[in-house]
Amino acid sequence: MDQKEFEQKIDSFIEEWWPTIQNDIAQLVAIPSVENLEEAAPGAPFGPEPKKALEKALAIAQNLGFETKDMEGYAGYADFKGTTDTQLGIIGHVDVVPAGPGWDTDPFQMEVRDGYLLGRGVLDDKGPSMVMLYAMKFWKDQGIEFPYTIRFIFGCNEETDLLDVEYYRKHEADPAFIITPDAEFPVCYGEKGGYNATITSGEITDGIIVDFEGGVATNAVPGQATALIRADVEEMEPADRLTFTQEGTSMVRIDAHGESAHAAMPEKGINAIGLIVDYLLEHNLCNEQERAFLEFDQALLSHTDGSGIGIATSDEYFGPLTVIGGTICRDGDRFAQTLDSRWPTSITPDEITKTLTQQVEKFGGTVEVTMILDTFLVDPEDPTIQTLMDAYVEVTGDTEHKPFTIGGGTYAREFTKGSSFGPEKTWIEYPDWAGGMHGPNEAMAIDQLKEALKIYALALYNLEQLDLS
C-alpha cells in the first residue's frame, strides 16, 4: 500500500469508526479500576474493578475479531495472527490511579468538552489503548497478512506494583519488540530508574499535630492535604493556599490546596503536604520531635531535584534526578511519608538508601524501600526507534522534536526490548480546566487521539517490514 492509498484509507477508517472508539473509551472510563487488594480474589488479584476493566477490554477486542485470553485476571491479550510465531508487542493498562479531589465533573463518567475527552483514564491509559487497538483493526480490515503476530497485552497493575507483567513474563515469551502508548511523542528510547520508599518518623509523644493526611498516590505530587493541630483558629495567621477551620474547642483543621502532577514532572505541581509543613515550621506549631521530622520533610518536599536531601545528580541520557513526597499519614505515634524518585545512571538505589538512612536516623526514623526499577535504555539509532520516529514525522510533518528519555516508568522497561510511543505532545497548551495524567480533570484532545491512531497504524506496518528475528 503506497502512502497516498494509506492516507485515504486510514482517514476514512477514523471517520467511520471514531464514534465507536469514543464509546469504547467511555465504557472503560466508567469502570473505576483502582487497585483494591482487600477485595482481591482468584481471577481478580487486584480487586474486582481492574478485573471488570480487563474483561471489558478483552470483550471489545474479541468483538473486533481478535483472539483473546484472560490470564487469571493479572493480564490479558488479543492476537492479530501473523505468518510466524515472532511477535510484535503492544501493551497498555486498564488500571488507573484513584480519582482524588479537585474534579469539576464525575471522573468515571466520560465527558466530551470543547474537543477533549474528560475522565480518569482518557489519557492514562484507556484512551490511548483503545486507539492502538483500533490501529490493529485497521490492518485486519485491509486483509493484510503480516509476518509477525501483533499481540496487544492489557495489564491490570501498572499504576502500583507491575505484578501483571511479572505474571505475564512467567507464562509467555517476550515479544521481539514492544511498544506502549503511555507516554509522549515523538518516541521515547529510555526511562529513568524508579525508587519508592516510606520514611517513618521516630515516636512522637505529647505532640501538637493530632493528624496529618495528604496525597492519593506515591507517584503523584499531592494536590490536597489536611492537618489537625492543637490550636485556636483565632490565632492562625492567613497563608496562601491554606484554609483554617475550628474543630471543637481546641483543634484547628488546616486544609492545603496545591497542584497535583505526575512524579516524573514534579515541576508542574505544588506539593500540598509541603505547604502545611512550611506553615507548621514557620509558626512553631510542633514540638521538638515533630520539628525534627518536619525539617527533614521540608528539605525533601522543597527541592524536587533531591538537593535538599543530598541526592541531586544528573547524567547525559536522562538529565537530573527528581524526587517528590507523594503521601503522608499519621500511623499511631509516628508520621509516614512516602517518597518517589526517578534516578539517572549517575546514582544507584543503594546510594539513595544510604543517604536517606543517614539523615532519618538522626531523628529516630526509618527508611523502608518499597520499589526499585532499573534504568532502561535502547540505542536511539536502533532501527525500531528510527522506524517509530519516521512514522511520527511522516504523519505530522514535525521534524523539530526528537527522540527523548523520560522520568516516568512505563511497561516498555519491563521487557527485553521496547519503547513508549505517544500519544501526548507536551508542547501543546491545553485549556486551564484540562488536567493531566494522575491529576483532577484528566483530559485528552480528540484530534490528538485521532492523529495518534494514524501514527500507530503506519508504525505497525513499518515495524512489520523490519527484521525482528
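Look up: the structure comes first, before these words.
As a starting point, this report considers the structure included with it. (Residues numbered from 1 in each chain as written. Predicted model: local features only at pLDDT ≥ 70, side-chain atom pairs only at ≥ 80, totals over all residues. Heavy atoms only, no water.)

**A word on the packing of helix 8 (residues 383-396) against helix 9 (residues 446-463)**
The cut-off we apply is this: Axis lines are fitted to C-alpha atoms, over the contacting stretch for helices. Their N-to-C directions set the angle, which ranges from 0 to 180 degrees. Here a strand is any run of E in DSSP of at least two residues, a helix any run of H or I of at least four, and the numbering for each starts at the N terminus. Any angle between 65 and 115 degrees counts as roughly perpendicular, while under 35 counts as roughly parallel, over 145 as roughly antiparallel, and the rest as oblique. Crossings are classed by handedness, with left-handed meaning an anticlockwise turn of the near helix from the far one by less than a right angle and right-handed meaning a clockwise turn. Note on contacts: a residue pair is in contact if any heavy atoms of the two residues lie within 4.5 Å. Note on residue categories: nonpolar means Ala, Val, Leu, Ile, Met, Phe, Trp, Tyr, Cys or Pro, charged means Asp, Glu, Lys or Arg, and polar means any other residue, Gly included.
Relative to each other, helix 8 and helix 9 sit at 140°, their axes nearing to 9 Å. When the axis of helix 8 is compared with that of helix 9, the two are oblique. Once helix 8 is placed against helix 9, the crossing between them reads as right-handed. Contact with helix 8, carried on its side by Thr-384, Thr-387, Leu-388, Ala-391, Tyr-392, Glu-394, Val-395 and Thr-396, involves Glu-451, Lys-454, Ile-455, Leu-458, Ala-459, Asn-462 and Leu-463 of helix 9 and no other residues of that element. Grouping the amino acids of the contact of helix 8 with helix 9 by side-chain chemistry returns eight nonpolar, four polar and three charged.

**Some remarks on the sheet that holds strand 4 (residues 111-113)**
The line we're drawing: DSSP calls a pair of strands paired once it identifies at least 2 bridges connecting them.
Pairing within the open sheet is antiparallel, and its three strands lie in the order 4-5-26. What marks the edges here is a single partner per strand, and that holds for strand 4 and strand 26 (443-445). Here the strands of the sheet are splayed against their neighbours by 25° on average, with no regard to which way each runs. Direction of pairing for strand 5 (residues 116-118) relative to strand 26: antiparallel, over a ladder of three bridges. Along strand 26, the bridge assignment pairs Leu-118 with Ala-443. Across the sheet, helix 9 touches strand 4, strand 5 and strand 26, and the angle it forms with strand 26 is around 65°.

**Things to note about the environment of Gln-109**
Here Gln-109 lies in the loop between strand 3 (87-93) and strand 4. The spatial distance from the C-alpha of Gln-109 to the C-alpha of Pro-383 is 41 Å, given a sequence separation of 274 residues.

**Re the side chain of Arg-342**
So the rule is basically this: What qualifies as a polar contact is a pair of N or O atoms within 3.5 Å, subject to a donor-acceptor requirement within protein and to the restriction that residues adjacent in sequence count only when both atoms come from side chains.
Note on placement: Arg-342 falls in strand 20 (residues 334-343). Looking at Arg-342, its side chain comes within polar contact range of the side chain of Asp-340, at 2.6 Å. In this structure the side chain of Arg-342 is engaged in a polar contact, spanning 3.1 Å, whose partner is the backbone oxygen of Gly-407. Setting aside its immediate chain neighbours within four residues, Arg-342 contacts Lys-192, Gly-193, Asn-219, His-262, Ala-263, Ala-264, Leu-321, Thr-322, Gly-407, Gly-408 and Gly-409.

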